[in-house]
Amino acid sequence: DFCLSRGLGDVYKRQVLEATILCMDNSDFCRNTDFTPNRLEAQKDSLNILACGKMQQNPENTIGLLSLAGKVPRVLVTPTDDIGVLLNHVHNTSTQGIINLPTGLQVAYLALKHRSNKHQRMRIVVFVGSPITTDTDQLKQVGKKLRKSNVACDIIDFSGNENHEKLNVFIDAVNKNNNSTLLTVPKGSNISNVILNSPITVSYTHLRAHETGRNLV
């Protein structure tokens, strides 16, 4: 089993019940080889790790997949507990066009809104590996709408420095009680390793450590 072979159980300690949409940057920019072997494939490995970790965190979690690039952002998998279906779609996704981040976020929210288990918290995890052409105000407005709807959002930015200001504005708008994170991946780093050592995953162990008075990481 792919997930069990990764041994992620020690990373995801807390039994948070969530429905998550993973948003994949499948733009033509992700053919760049500054990450090994290229931005798209490095991202796919990270998506696999995140998906497996979420399912090991709580077997009642569900995960969906959305492609940000192409004619329009598209939901490839609605939130499901079938990890095999999700990983298969991750594997088969190819590059095309440029990303539309505001539209992608809104489409992801609609997919979460229609989740079958309304007790699940809603989270969007976005991979950004290409320039964001949308203006900052539009991102800020989307962030405010998501915050009002109690949607947490994590951004994994491996595009370089050009998107930094826009993404910071978005995270400030969407963040509610520190439930959202902007993670910047240095060029040439291993994206998966950076994620595994970031608040996106270790926040759950920090929460549990705070509750028990022990350091678990």
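Only a predicted model underlies this, so the values are computations on that prediction, with no experimental measurement involved.

Enumeration over the complete set of coordinates arrives at six salt bridges. Between Arg31 and Asp28 there is a salt bridge, with the nearest N and O atoms lying 3.4 Å from each other. The exposed category is assigned to Arg31, whose relative accessible area is 53%. Among the residues examined, Asp28 registers a relative accessible area of 33% and is labelled partly exposed. A salt bridge links Asp34 to Arg39; the nearest nitrogen and oxygen atoms lie 2.7 Å apart. Residues participating in the shared-partner salt-bridge network are Glu18, Lys54, Arg123 and Asp154.

In space, the six strands of this open sheet follow the order β3-β2-β1-β4-β5-β6, with mixed pairing throughout. Every interior strand has two partners, whereas the edge strands, β3 (74-80) and β6 (181-184), have only one. Pairwise comparison of adjacent strand axes, ignoring direction, gives a mean angle of 15° for this sheet. Of the strands in this sheet, β1 (18-24), β2 (62-67), β4 (121-128) and β5 (151-157) touch helix α2 (residues 39-57), which is tilted by about 175° from β1.

The N-to-C vectors of helix α5 (residues 136-148) and helix α6 (residues 164-174) enclose an angle of 25°; their axes lie 7 Å apart at closest approach. Between α5 and α6, the angle is such that the two are roughly parallel. The crossing of α5 and α6 is right-handed. On the side of α5, the interface is formed by Thr136, Leu139, Lys140, Val142, Gly143, Lys144, Leu146 and Arg147, while α6 contributes Lys166, Val169, Phe170, Ala173 and Val174.

On to the confidence of the model for the chain. Predicted confidence across the chain gives a mean pLDDT of 89, with 86% of residues reaching 70 or more. Taken as a whole, residues 203-217 scores under 50 in pLDDT and shows 22 contacts with residues more than four places along the chain or in a different chain.

Let us now look at the side chain of Ser192. Locating Ser192 in the fold gives a position in helix α7 (residues 191-196). Exposure remark for Ser192: the relative accessible area of 4% places this residue in the buried category. Residue contacts for Ser192: discarding those within four places in its chain leaves Asp45, Ser46 and Ile49.

We now examine the pairing of β3. Sheet analysis places β2 next to β3, joined by four bridges and oriented antiparallel. Directly across from Leu66, in β3, lies its bridge partner Val75.

Across all of its chains, the model carries two aromatic pairs by this definition. Between the aromatic rings of Phe35 and Phe158, the centroid separation amounts to 5.7 Å while the plane-to-plane angle is 90°, which identifies the pairing as edge-to-face. Highlighted residues: Phe35 in the loop between β1 and α2 and Phe158 in the loop between β5 and α6, separated in sequence by 123 residues. Between the aromatic rings of Phe127 and Phe158, the centroid separation amounts to 6.5 Å while the plane-to-plane angle is 70°, which identifies the pairing as edge-to-face. In this pair, Phe127 is assigned in strand β4 and Phe158 in the loop between β5 and α6, connecting sequence segments 31 residues apart. For Phe127, a relative accessible area of 0% corresponds to the buried category. Judged by its relative accessible area of 1%, Phe158 is buried. Taken together, the ring pairs connect Phe35, Phe127 and Phe158 into an aromatic cluster.

Thresholds applied
Residues numbered from 1 in each chain as written. Predicted model: local features only at pLDDT ≥ 70, side-chain atom pairs only at ≥ 80, totals over all residues. Heavy atoms only, no water. Salt bridge = Lys/Arg side-chain N within 4 Å of Asp/Glu carboxyl O. Buried < 20%, exposed > 50% of the residue type's maximum accessible area, 1.4 Å probe, protein only. Pairing = 2+ DSSP bridges. Helix = DSSP H or I, 4+ residues; strand = E, 2+ residues; numbered from the N terminus. Axes fitted to C-alpha atoms, helices over the stretch in contact; angles between N-to-C directions. Contact = heavy atoms within 4.5 Å. Parallel < 35°, antiparallel > 145°, perpendicular 65-115°, else oblique. Left-handed = near helix turned anticlockwise from the far one by under 90°. pLDDT = per-residue confidence, 0-100. Phe/Tyr/Trp six-rings, centres within 6.5 Å; stacked < 30°, edge-to-face > 60°.

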